Amino acid sequence: MEHKGTAAIETSRLLLRRFRKRDAPAVFANWANDEMVTKYLTWPPHKSVAVTEKVISEWTESYKNDGFYQWAIVLKKIDEPIGSISVVGKDEKVNSVHIGYCIGRKWWNQGIVTEAFSAVIRFLFEEVKVNRIDARHDTNNPASGRVMEKCGLKYEGTLRQADFNNQGIVDVSVYSISASEYFSEK
C-alpha cells in the first residue's frame, strides 16, 4: 500500500475530510449520542460532548500517521459532519483494508453513505493501491449490507457468532471487492 493519510475527497453532495476539534458539538448532536445509530456499532453512544471531544482529539493526533484513515462525512449544503467513514482495520501483508461507517439518523436512506463509501473505495484503490476492501454488518442490520452491494462489494458469507457490538455477540455478513474487480468494472 502507498499510504496517503486522510486526504480530502469531494463528491457532488459531500466533502470527506479530517475531523477538526471544533466538529465535536455537531458530531455529538448529529449521531454520536444516538442509541439507534450506535445500536450495531462497537462503541457506545457518547454520554456528553466531552466524550466526543476526547475521541476527536485522539483522531486529530492520529492524522500524523499516513496509515490512518478517518473521514468526517460533511454534507456540503449544511457544512457540518453528519457521519463518519474509516479504515477500521488493515492487513499490510495482503494489502487489505476493512471499512466501517455510520451516519446520523436524519440522513438515513438518502444514498449518502453509498456516495461516501464509493468515493473512499475509489481513493483506496486508485491512490493507496489496496488490493482488497471489505466490510461487515450485523445480520440484523441488512440496510448496511445494501450499501455495500450498491458500492460493488460482493457477499462472501456469514460468520456465525463471530463479532461483538452493542447487541453482544452477533453473526456478521462479510462483503468485499478486490482491485481486479474494481478496475475491470471501470
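The rules behind the values
- Per-chain numbering applies: the sequence of each chain, read as written, is numbered from 1 onward.
- Only residues with pLDDT of at least 70 are given local features in this predicted model, and only at 80 or more are side-chain atom pairs given and counted; all residues enter the totals for whole chains, interfaces and linings.
- Water and hydrogen atoms were dropped before computing side-chain values, which therefore reflect all heavy atoms in the structure.
- In what follows, salt bridge is the name for a side-chain nitrogen of Lys or Arg lying within 4 Å of a carboxyl oxygen of Asp or Glu.
- Exposed residues in this analysis have more than 50% of their type's maximum accessible area, buried residues have under 20%, and partly exposed residues fall in between, with area computed by a 1.4 Å probe over protein chains only.
- Numbering of helices and strands runs from the N terminus; a helix is a DSSP stretch of H or I covering at least four residues, while a strand is a stretch of E covering at least two.
- In this context, the arc is that of the directions from the helix axis out to the C-beta atoms.
- Any two residues whose heavy atoms approach within 4.5 Å at even a single point are treated as in contact.
- Two strands are said to pair when DSSP picks up at least two bridges between them.
- Stacked, tilted and edge-to-face pairs are distinguished by plane angle, under 30 degrees for stacked and over 60 for edge-to-face with tilted covering the rest, among Phe, Tyr and Trp rings (Trp via its six-membered ring) whose centres lie within 6.5 Å.

What about the pattern of salt bridges?
Opposite charge on two side chains allows them to pair when their charged atoms are near.
In step 1: Inspection of every chain in the model, using the stated rule, returns 10 salt bridges.
In step 2: A salt bridge links D23 to R17; its shortest N-O distance comes to 2.8 Å.
In step 3: Residue R17 is classed as buried on the basis of its relative accessible area of 7%.
In step 4: The partner of K154 in a salt bridge is E185, and the shortest N-O contact between them spans 3.5 Å. Here K154, found in strand β7 (residues 154-165), pairs with E185, found in the segment after α5 (179-184); they are 31 residues apart in sequence, far enough to count as distant.
In step 5: Residues participating in the shared-partner salt-bridge network are R132, D134 and E156.

Let's talk about helix α4 (residues 142-150)
In step 1: Along α4, the positions that sit buried rather than exposed are S144, G145, V147 and M148. Here the buried residues of α4 occupy an arc of 155 degrees about the axis, which is enough to place them on one side.
In step 2: Of the surrounding secondary structure, the elements contacted by the buried residues of α4 are β5 (96-103), α3 (112-126), β6 (132-138) and β8 (168-178).

What to know about the pairing of strand β2 (residues 14-18)
In step 1: Relative to β2, strand β1 (residues 9-10) runs antiparallel, the two being bridged by two bridges. Each bridged residue has a counterpart across the sheet, and for E10 the counterpart in β2 is L15.
In step 2: Counting the residues that bridge the hairpin from β1 to β2 gives three residues.
In step 3: As paired strands, β2 and strand β3 (residues 70-75) are joined by five bridges and run antiparallel to one another. Of the residues in β3, the one forming a bridge with R17 is A72.

What to know about the packing of aromatic side chains
Aromatic ring pairs are described here by two measures, namely the spacing of the ring centres and the angle between the planes.
In step 1: Under the definition given, this model contains 11 aromatic pairs.
In step 2: Between F19 and W59, the ring centres sit 4.8 Å apart and the planes meet at 45 degrees, which makes this aromatic pair tilted. Highlighted residues: F19 in the loop between β2 and α1 (24-32) and W59 in helix α2 (residues 49-62), separated in sequence by 40 residues.
In step 3: With centroids separated by 6.3 Å and ring planes inclined at 65 degrees, the aromatic side chains of Y69 and F123 adopt a geometry described as edge-to-face. Of the two residues, Y69 sits in the loop between α2 and β3 while F123 sits in helix α3, which places them 54 residues apart along the sequence.
In step 4: Overall, the relative accessible area of 1% leaves Y69 in the buried class.
In step 5: According to the relative accessible area criterion, F123 is buried, its value standing at 10%.
In step 6: Ring pairing ties together the aromatic residues F19, W31 and W59, which thus form one cluster.

That's the geometry; what it means functionally is another story.
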